[in-house]
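# Structural features, examined
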Amino acid sequence: MYRDEFMRRAIRLSLENVKKGGGPFGAVIVKDGKIISSGTNKVTLKNDPTAHAEIDAIRRASKNLNSFDLSGCELYTSCEPCPMCLSAIYWARISRIYYGNTKKDAAKIGFIDDFIYKEIDKPLEKRKLKITQHLRDEALMSFETWDLKKDKKEY
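The sections below set out a description of the structure shown in this document. (Residues numbered from 1 in each chain as written. Predicted model: local features only at pLDDT ≥ 70, side-chain atom pairs only at ≥ 80, totals over all residues. Heavy atoms only, no water.)

### As for the packing of aromatic side chains
Using the criterion set out here, one finds five aromatic pairs in the structure. Here Phe25 and Phe111 contribute two aromatic rings whose centre-to-centre distance is 4.9 Å and whose plane-to-plane angle is 90 degrees, an arrangement assigned as edge-to-face. Taken together, the residues span a long stretch of sequence, with Phe25 in the loop between helix H1 (3–19) and strand S1 (26–31) and Phe111 in the loop between helix H5 (103–108) and helix H6 (114–121) at a distance of 86 residues. You can call Phe111 partly exposed: its relative accessible area is 36%. On the numbers, 6.2 Å between centres and 70 degrees between planes, the contact of Trp146 with Tyr155 is edge-to-face. Among the aromatic side chains, those forming a connected cluster through ring pairs are Phe6, Tyr76 and Tyr98. The ring of Tyr117 has Lys103 sitting right over it, with the charged end atom 4.5 Å from the ring centre. (Phe/Tyr/Trp six-rings, centres within 6.5 Å; stacked < 30°, edge-to-face > 60°. Helix = DSSP H or I, 4+ residues; strand = E, 2+ residues; numbered from the N terminus. Buried < 20%, exposed > 50% of the residue type's maximum accessible area, 1.4 Å probe, protein only. Lys NZ or Arg CZ within 6 Å of the ring centre and 35° of its normal.)

Laid out in structure tokens, this is it:
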């Protein structure tokens, strides 16, 4: 198997990215034993809080495969994915994740996302971020239109 090679590539990307001024994270997406994309953390380089390595790799893989469905793909990432990345991995239908560093390792150097997992478990009214439903009846129109659409592409 090529697992070691793919993981080492993700780790190498994370090291190179630190030297370029980015965060210490790298990711590689593989399908049928071939790398189809890679990504690095560019949060501070792009001033984009969503520019994580896994998200970058998913966007590139989707473009390269011309599909939002990455079933059959494997993700090799230098660190256990954060909640945002993990959600994106599920949405992309990636079949398997291999990771190097743990979220505890990441927390030791200041990348702490445990608070997000704790917040998600709380009822909306107990969360730090205030969340208020507004204009639901108007918002439902797009859902109703989608539901009735005959030629929609399900995802």
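Having seen the structure, we can now continue with the description.
### Points about the side chain of Lys42
Position of Lys42 among the secondary structure elements: in the loop between strand S2 (34–40) and helix H2 (43–46). The residues touching Lys42, leaving out its near neighbours within four places in the chain, are Asn47, Ala51, Asp56 and Arg60. (Contact = heavy atoms within 4.5 Å.)

### Describing unusual backbone geometry
A positive phi is found at Asp32, a non-glycine position, where the angle reads about 55 degrees. Structurally, Asp32 is set in the loop between S1 and S2. A relative accessible area of 70% places Asp32 in the exposed class.

### Brief notes about the sheet that holds S1
The strand order across the open sheet formed by four strands is S2-S1-S3-S4, and the pairing between neighbours is mixed. With partners counted over all chains shown, the strands left at the sheet margins are S2 and strand S4 (96–101), one partner each. Adjacent strand axes in the sheet meet at a mean angle of 15 degrees, parallel and antiparallel pairs treated alike. Alignment of S1 against S2, held across six bridges, turns out to be antiparallel. Residue pairing for S2: Val30 is matched across the bridge by Ile35. (Pairing = 2+ DSSP bridges. Axes fitted to C-alpha atoms, helices over the stretch in contact; angles between N-to-C directions.)

### Focus: the pairing of strand S3 (residues 73–79)
Successive side chains on a regular strand alternate, one facing one side of the sheet and the next facing the other. The buried fraction of S3 amounts to six of the seven residues, a majority that puts the element mostly inside the structure. Across five bridges, S1 lies against S3 in antiparallel orientation. Opposite Lys31, over in S3, you have Cys73 as the bridge partner. Alignment of S3 against S4, held across five bridges, turns out to be parallel. Bridge pairing links Thr77 to Tyr99 in S4. For the crossover that starts at S3, traverses helix H4 (residues 83–92) and ends in the parallel S4, the hand is right-handed. (Right-handed = clockwise from strand over helix to strand, strands pointing away.)

### Considering a negative patch on the surface
On the surface, a cluster of negative charge is made up of Asp137, Glu138, Glu144 and Asp147. Looking at where Asp137 falls in the secondary structure, it is placed in helix H7 (residues 136–148). (Patch = residues over 30% accessible without salt bridge, like charges linked within 9 Å, V, L, I, M, F, W, Y side chains within 5 Å. Areas by Shrake-Rupley, 256 points an atom, 1.4 Å probe, with all protein chains shown as cover. Salt bridge = Lys/Arg side-chain N within 4 Å of Asp/Glu carboxyl O. Lys, Arg positive; Asp, Glu negative; His and termini not counted. Charge placed at Lys NZ, Arg CZ, Asp CG, Glu CD.)

### Things to note about H7
Taking 1.5 Å of rise per residue, the 13 residues of H7 would be expected to cover 18 Å, and the 18 Å separating its terminal C-alpha atoms lies within 8% of that figure. Within H7, only zero of the 13 residues are buried, which leaves it mostly out in the open. (Expected span 1.5 Å × (residues − 1).)

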